[in-house]
Amino acid sequence: MTQIPGTPPLPPPPPPPPPYGADSGGPGEGPAAGAGFGPVSGDAGAAPFGTPEAPRVAVRGEASLEFDPEYARIGVLVSARGRDRRGALEDLTRRNAQALELVKSYGDAVEKLSTGAFSVQPEMVDGSRRERVHAYHGRVRLQATVTDFTVLGELTTRLADLELTQVEGPWWGLWRNSPAHRSARQQAVREAVTRAREYAEALGASLVALVELADLGAEGSGPPRLPAAPGGMRGFAGAPAGPPPELDLEPQVQTVSAQVNARFVMSPPRLG
């Protein structure tokens, strides 16, 4: 602003208003850099990350617990090969029926049995200029979920003893509604409370209220699967007579993890 000659000096301009949310103290006495602003308990203008009278503490609670598996899944691949398409289909149908009958004979020990992919494809003669078929390959996949581990080893070896049958697995796991997941989540919450209380006690304060509890969904889409051994177990025509040896399978311990974020209000700290 320009002053007109002969007039009294102009008063200095007023100081700029303080930034939104800053207190009335001097420089450096406002809230910490990066702090957000908003209501804490319904009071307009209160900071969501606390005030000197009601500071907040934010922590993460984690838990990792081990449990015995509740089920084991095995994959079965039944195959057939022949020069004639009808013959390959008949062999595949017969072998598939044998595998299904064997699995079903274990009754309640098998929780679920399902059929997956089915395919029949021709094998062409190499180097032939015409569409000449050398053989036909047929495959059908089965999946069985076993809950009685005492019969698992016997079932897998008997399946592998069938003609042109491949067995993969087992893959151990826990049901999605297993109490193991609830135990891990509750343990993560208790860990968050313990950690926040330790921080507050280090300042001579105590926890007053819980402000927020956020589930990160850290237990995951499900239990980890181990890859089957390369090639799995196979059964071939001409196998020796008599029952196959029983395979000793040791259940794999399952690890369940959970994580939560939690914010608490604590009493004013004693910093002196």
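Residues numbered from 1 in each chain as written. Predicted model: local features only at pLDDT ≥ 70, side-chain atom pairs only at ≥ 80, totals over all residues. Heavy atoms only, no water.

A. Examining the pairing of strand β8 (residues 254-266) more closely. Relative to β8, strand β1 (residues 56-67) runs antiparallel, the two sharing 12 bridges. Counterpart to R56 in the pairing with β8 is V265. As defined by bridge partners, strand β6 (residues 207-215) adjoins β8 across 7 bridges and the pair is classed as antiparallel. Bridging from a neighbouring strand, D215 pairs with V260 of β8. (Pairing = 2+ DSSP bridges. Helix = DSSP H or I, 4+ residues; strand = E, 2+ residues; numbered from the N terminus.)

B. Expanded view of the pattern of salt bridges. In this structure the tally under the stated criterion is 7 salt bridges. Its salt-bridge partner being R94, residue E163 comes within 3.2 Å of it at the nearest N-O pair. Taken together, the residues span a long stretch of sequence, with E163 in the loop between α2 (152-160) and β5 (165-173) and R94 in helix α1 (residues 85-104) at a distance of 69 residues. Using a relative accessible area of 27% as the deciding quantity, one classes E163 as partly exposed. Measuring nitrogen to oxygen at the nearest pair gives 3.8 Å for the salt bridge that ties R158 to E154. (Salt bridge = Lys/Arg side-chain N within 4 Å of Asp/Glu carboxyl O. Buried < 20%, exposed > 50% of the residue type's maximum accessible area, 1.4 Å probe, protein only.)

C. Representation of the packing of aromatic side chains. Within the structure shown, the criterion is met by 2 aromatic pairs. Note on Y71 and W175: the rings are 4.5 Å apart at their centroids and 40 degrees apart in plane angle, and the pair reads as tilted. Taken together, the residues Y71 in strand β2 (residues 71-82) and W175 in the loop between β5 and α3 (179-202) connect sequence positions 104 residues apart. Residue Y71 is classed as buried on the basis of its relative accessible area of 6%. Between F149 and W172, the aromatic rings sit 5.1 Å apart at their centres with planes inclined by 90 degrees, giving edge-to-face as the arrangement. (Phe/Tyr/Trp six-rings, centres within 6.5 Å; stacked < 30°, edge-to-face > 60°.)

D. Representation of the packing of α1 against α2 in the model. Packing of α1 against α2 leaves a shortest axis separation of 10 Å and a crossing angle of 165 degrees. Taken together, the axis directions place α1 and α2 in an arrangement best described as roughly antiparallel. Crossing of α1 against α2: the hand is right-handed. Of the residues in α2, those in contact with A99, L102 and V103 of α1 are L155, R158 and L159. (Axes fitted to C-alpha atoms, helices over the stretch in contact; angles between N-to-C directions. Parallel < 35°, antiparallel > 145°, perpendicular 65-115°, else oblique. Left-handed = near helix turned anticlockwise from the far one by under 90°. Contact = heavy atoms within 4.5 Å.)

E. Expanded view of the nonpolar core. Y106, L155 and L159 are the most contacted members of the largest nonpolar core, which totals 25 residues. Secondary-structure elements contributing two or more residues to this core are β2, α1, β4 (133-146), α2 and β5. Discounting chain neighbours no more than four positions away, the residues touching L159 are I74, V76, A99, L102, V103, T165 and V167. By size, the runner-up hydrophobic cluster in this structure holds 14 residues, among which are V59, A63, A258 and V260. (Core = buried A, V, L, I, M, F, W, Y, C linked by side-chain atoms within 4.5 Å.)

F. Representation of unusual backbone geometry in the model. The residue after G169, namely P170, is reached through a cis peptide bond having omega 0 degrees. Secondary-structure assignment places P170 in strand β5. Residue L164 is not a glycine yet carries a positive backbone phi of 45 degrees. Within the secondary structure, L164 is located in the loop between α2 and β5. Here L164 falls in the partly exposed class, since its relative accessible area comes to 33%.

G. Main features of the environment of R73. Assignment of secondary structure puts R73 in strand β2. Remark: the alpha-carbon pair of R73 and W172, spanning 99 residues in sequence, is separated by 6.5 Å. A polar contact of 3.2 Å, which involves the side chain of R73, links it to the side chain of Y71. (Polar contact = N/O pair within 3.5 Å; in protein donor to acceptor, adjacent residues only side chain to side chain.)

H. Up close: the sheet that holds β6. The strand order β1-β8-β6 describes an open sheet built from 3 strands, whose pairing is antiparallel. Among the strands making up the open sheet, the edge pair consists of β1 and β6. The mean angle between the axes of side-by-side strands here comes to 30 degrees, regardless of whether they run parallel or antiparallel. Each of β1, β6 and β8 touches α3; the most contacted strand, β1, lies at about 145 degrees to it.

I. Local environment of the confidence of the model for the chain. On average, residues of the chain score 80 in pLDDT, and 71% of them are at 70 or above. Of the regions scoring below 50 in pLDDT, residues 19-46 engages in 25 contacts with residues more than four places distant in sequence or in other chains. Predicted confidence for residues 217-239 stays below pLDDT 50, and this span has 46 contacts to residues more than four positions away or in other chains. (pLDDT = per-residue confidence, 0-100.)

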